[in-house]
Amino acid sequence: MKRIGITGHRIIPSEGYPDIRAAMRAVLGRHEGSLEAFSSLAIGADQLFADIALECGATLTAVIPSDDYEDGFAPGELVSYRDYRRRASREVRLGFRHSTDEAYYAAGAYIADNCDRLLAVWDGGPSRGLGGTADIVHYARDLGKPVTVIWRDGMRRP
């Protein structure tokens, strides 16, 4: 079974979704029926990845950074987060009480440690806090994990 994880931006310009979705589908579709997908289920890249992984018949592993993780979601976002969490086959809860940069970094590191390949919805820029996309990409690369960067050329992140 192939294990693929996700790291990526929460805010993706709407014009980028079709290209990012197609690129994710191309990677995940190669492993239909024999795929375990790792995601923290944040809005943006994580939920898009979870959606496509489930479409491809993957088992979804939800990596929950902290006990109060749900507090970081707006009401409308919380509904979709809870739906993906309910659809996950497995849940890994990390030992953090609060959602801190350290908790987010630990979740990203857990995903990188446990996957065979990491998908990164990343504009190539630096992280906007510890545990951001760039940090996890660098962590995974330092482990020698293959990282597939997905981003639309010329698109700027808000």
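Per chain, the residues get numbers from 1 upward, laid out in the order the sequence is written. Given that the model is predicted, a residue must reach a pLDDT of at least 70 before its local features are reported, and side-chain atom pairs must reach 80 or more before they are shown or counted; all residues, however, enter totals for whole chains, interfaces and linings. The basis for every side-chain value is the complete set of heavy atoms in the structure, and neither hydrogens nor water enter the calculation.

Colleague: Help me understand the environment of A22, please; the structure alone is not making it clear to me.
Modeller: Strands are runs of DSSP state E lasting at least two residues, helices are runs of H or I lasting at least four, and both sets are numbered from the N terminus onward. As for its placement among the helices and strands, A22 is situated in helix α1 (residues 17-29). Only protein chains enter the calculation, and the probe is 1.4 Å; a residue is then buried if its accessible area is under 20% of its type maximum, exposed if over 50%, and partly exposed in between. According to the relative accessible area criterion, A22 is partly exposed, its value standing at 46%. With 12 residues separating them in the primary sequence, A22 and R10 have C-alpha atoms 18 Å apart.

Colleague: Looking at this structure, how should I read the pattern of salt bridges?
Modeller: Think of it this way: side chains of opposite charge can pair up when their charged atoms draw near. The salt bridge criterion pairs a side-chain nitrogen of Lys or Arg with a carboxyl oxygen of Asp or Glu, the two atoms within 4 Å. Under the criterion given, the structure shown has 13 salt bridges. Here E70 ties to R82 by a salt bridge, and the two come within 2.7 Å at their closest N and O atoms. Of this pair, E70 sits in the loop between β3 (59-66) and α3 (75-87) while R82 is found in helix α3, placing the two residues 12 residues apart along the sequence. Given the relative accessible area of 23%, E70 is considered partly exposed. In this structure, the salt-bridge partner of E70 is R85, at a minimum N-O distance of 3.1 Å. Taken together, the positions of E70 in the loop between β3 and α3 and R85 in helix α3 put the pair 15 residues apart, joining distant regions of the chain. Each member of the salt-bridge network shares a partner with another, and the members are D67, E70, R82, R85, E91 and R93.

Colleague: What should I look at first to understand the side chain of D68 in this one?
Modeller: Mapped onto the elements of the fold, D68 is located in the loop between β3 and α3. When charges are counted, Lys and Arg contribute as positive and Asp and Glu as negative, whereas His and the chain ends are disregarded. Buried charge D68 goes without a salt bridge, the closest partner of opposite sign being R97 at 8.0 Å. Between N or O atoms, a polar contact is any pair within 3.5 Å; within protein, one atom must be a potential hydrogen donor and the other a potential acceptor, and residues adjacent in sequence are included only when both atoms are from side chains. Side chain to side chain, D68 and H98 meet in a polar contact 3.1 Å long.

Colleague: Before we go on, may I ask you to explain the nonpolar core in this structure?
Modeller: Nonpolar side chains tend to gather and get buried jointly when the protein is soluble and globular. In this text, buried Ala, Val, Leu, Ile, Met, Phe, Trp, Tyr and Cys residues form a nonpolar core when linked through side-chain atoms within 4.5 Å. Membership of the largest hydrophobic core comes to 34 residues, with the highest contact counts inside it found for I20, M24, L28, F49, L119 and V121. Contributing elements (two or more residues each) for this core: β1 (2-8), α1, β2 (35-39), α2 (45-55), β3, α3 and β5 (117-121). By residue number, the principal contributor to this core is α2, which donates 7 residues. Once you skip the residues sitting within four places of it in the chain, M24 turns out to touch I6, A45, L48, F49, I52, L119, V121 and I150. The criterion used for residue contact is that any of the two residues' heavy atoms lie within 4.5 Å.

Colleague: Any chance you could explain the sheet that holds strand β6 (residues 147-150) here in plain terms?
Modeller: Strands pair in a sheet through their backbones, by hydrogen bonds, and they do so in one of two ways: parallel or antiparallel. Any two strands with at least two DSSP-identified bridges between them are counted as paired. Pairing is parallel across the open sheet formed by 6 strands, whose spatial order is β4-β3-β2-β1-β5-β6. Each having just a single partner strand, β4 (90-96) and β6 make up the two edges of the open sheet. Taking the axes of each pair of neighbouring strands and ignoring which way they run, one obtains an average angle of 20° across the sheet. Bridging between β1 and β5 involves 5 bridges; their strand directions are parallel. Looking at β5, one finds that I4 is bridged to R117. To obtain each axis, a line is fitted to C-alpha atoms, and for helices this fit is confined to the stretch in contact; angles are then taken between N-to-C directions over 0 to 180 degrees. Contacting β1, β2, β3 and β5, α2 crosses the sheet at an angle of about 155° to β1.

Colleague: I'm lost on the pairing of β4 in this one. Help?
Modeller: Each regular strand carries side chains that alternate between the two faces of the sheet. Of the pairings in the sheet, the one linking β3 to β4 comprises 5 bridges and is parallel in character. Considered in β4, the bridge of T61 is made with R90. Running through α3, the crossover from β3 to the neighbouring parallel element β4 is right-handed. Handedness of a crossover: with both strands directed away from the viewer, a clockwise path from the first strand across the helix to the second marks it as right-handed.

Colleague: Explain the layout of surface pockets here, please?
Modeller: Summary: where empty space remains is shown by rolling a probe the size of a single water molecule over the atoms. Residues are called lining when one of their atoms sits within 4 Å of a cavity or pocket point, these points coming from a 1 Å grid over the protein atoms alone, where a cavity is a set in which a 1.4 Å probe fits but cannot get out and a pocket is an open set with protein on both sides within 12 Å along at least five of seven lines. Grid points are joined across faces, edges and corners, and a volume is the space filled by probe spheres set on the points. Space inside the largest pocket adds up to approximately 570 Å³. Those elements that provide at least two residues to the lining of the largest pocket are β1, α2, α4 (101-114) and α5 (133-143). Looking at which element gives the most residues to the lining of the largest pocket, the answer is α4, with 5 residues.

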